[in-house]
Amino acid sequence: MDRAYGEELDLAAIARQAGCSRYHFLRSFRAAYGETPGRYLTERRIERAKELLRATNLTVTEICCLVGFSSLGSFSARFSELVGVSPTAYRAESVRAGGPPPIPGCFVFMLTRPKVRNSEEARETSRD
């Protein structure tokens, strides 16, 4: 979940990988981490959004999508609930505090896009 925070959570698939039922995994996760997998993932997404708001010039909507939220409204509501201010206000506070100059969004997208396989690898994989 920490590496794939931008992807949709499939609790059943994670439980299968852990070798237990979905419900047992949920109970075990909560016992180990003190929160549900969904809540844990949301907090990781918000942490990453805070980093992006401080360090990049991406729009709030772009950040919302990058960290795995499908709705700007739900992202802003959860961000405000967990952080205490809206994403826009959080960025403004960071700028006032004199943070580093923002990284251009084009660099962020270039460095975070999925790796493109060479054409021969792609053809071999598509035949399989």
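Residues numbered from 1 in each chain as written. Predicted model: local features only at pLDDT ≥ 70, side-chain atom pairs only at ≥ 80, totals over all residues. Heavy atoms only, no water.

Caption draft 1: Examining the packing of aromatic side chains more closely. On inspection of all chains with the given rule, the structure shows 7 aromatic pairs. Both rings, one in F75 and one in F79, keep their centres 5.8 Å apart while their planes meet at 55°; by these two values the pair is tilted. With F75 and F79 both in helix α5 (residues 72–83) and 4 residues apart, this pair spans about one turn of that helix. Here F75 and F79 have matching classes, each one buried. Here a set of aromatic residues connected by ring pairs shows up, and it is made of F25, F29, Y33 and Y40. The cationic tip of R44 hangs over the ring face of Y40; the distance from NZ or CZ to the ring centre is 4.3 Å. Lying over the aromatic face of F69, R45 brings its terminal NZ or CZ to 5.8 Å of the ring centre. (Phe/Tyr/Trp six-rings, centres within 6.5 Å; stacked < 30°, edge-to-face > 60°. Helix = DSSP H or I, 4+ residues; strand = E, 2+ residues; numbered from the N terminus. Buried < 20%, exposed > 50% of the residue type's maximum accessible area, 1.4 Å probe, protein only. Lys NZ or Arg CZ within 6 Å of the ring centre and 35° of its normal.)

Caption draft 2: Structural context of the packing of helix α1 (residues 11–18) against helix α2 (residues 22–33). Contact pair α1 / α2: the axes reach a minimum separation of 8 Å and the direction vectors enclose 85°. Taken together, the axes of α1 and α2 lie roughly perpendicular to each other. Contacts from L11, I14, A15 and A18 in α1 reach R22, F25 and L26 in α2. Broken down by class, the residue content of the contact of α1 with α2 amounts to 6 nonpolar, no polar and 1 charged. (Axes fitted to C-alpha atoms, helices over the stretch in contact; angles between N-to-C directions. Parallel < 35°, antiparallel > 145°, perpendicular 65-115°, else oblique. Contact = heavy atoms within 4.5 Å. Nonpolar A, V, L, I, M, F, W, Y, C, P; charged D, E, K, R; others polar.)

Caption draft 3: How the structure looks around the pattern of salt bridges. Counted by the stated rule, this structure contains 5 salt bridges. A salt bridge links E43 to R39; the shortest N-O distance between them is 3.3 Å. Taken as a pair, E43 and R39 lie in helix α3 (residues 37–55) at a separation of 4 residues, close to a single helical turn. Of the residues examined, E43 reaches a relative accessible area of 22% and is grouped as partly exposed. Measuring nitrogen to oxygen at the nearest pair gives 2.9 Å for the salt bridge that ties E51 to R48. In this pair, E51 and R48 both sit in helix α3, 3 residues apart, roughly one turn of the helix. Overlapping salt bridges, with partners in common, bring together R39, E43, R78 and E81 in one network. (Salt bridge = Lys/Arg side-chain N within 4 Å of Asp/Glu carboxyl O.)

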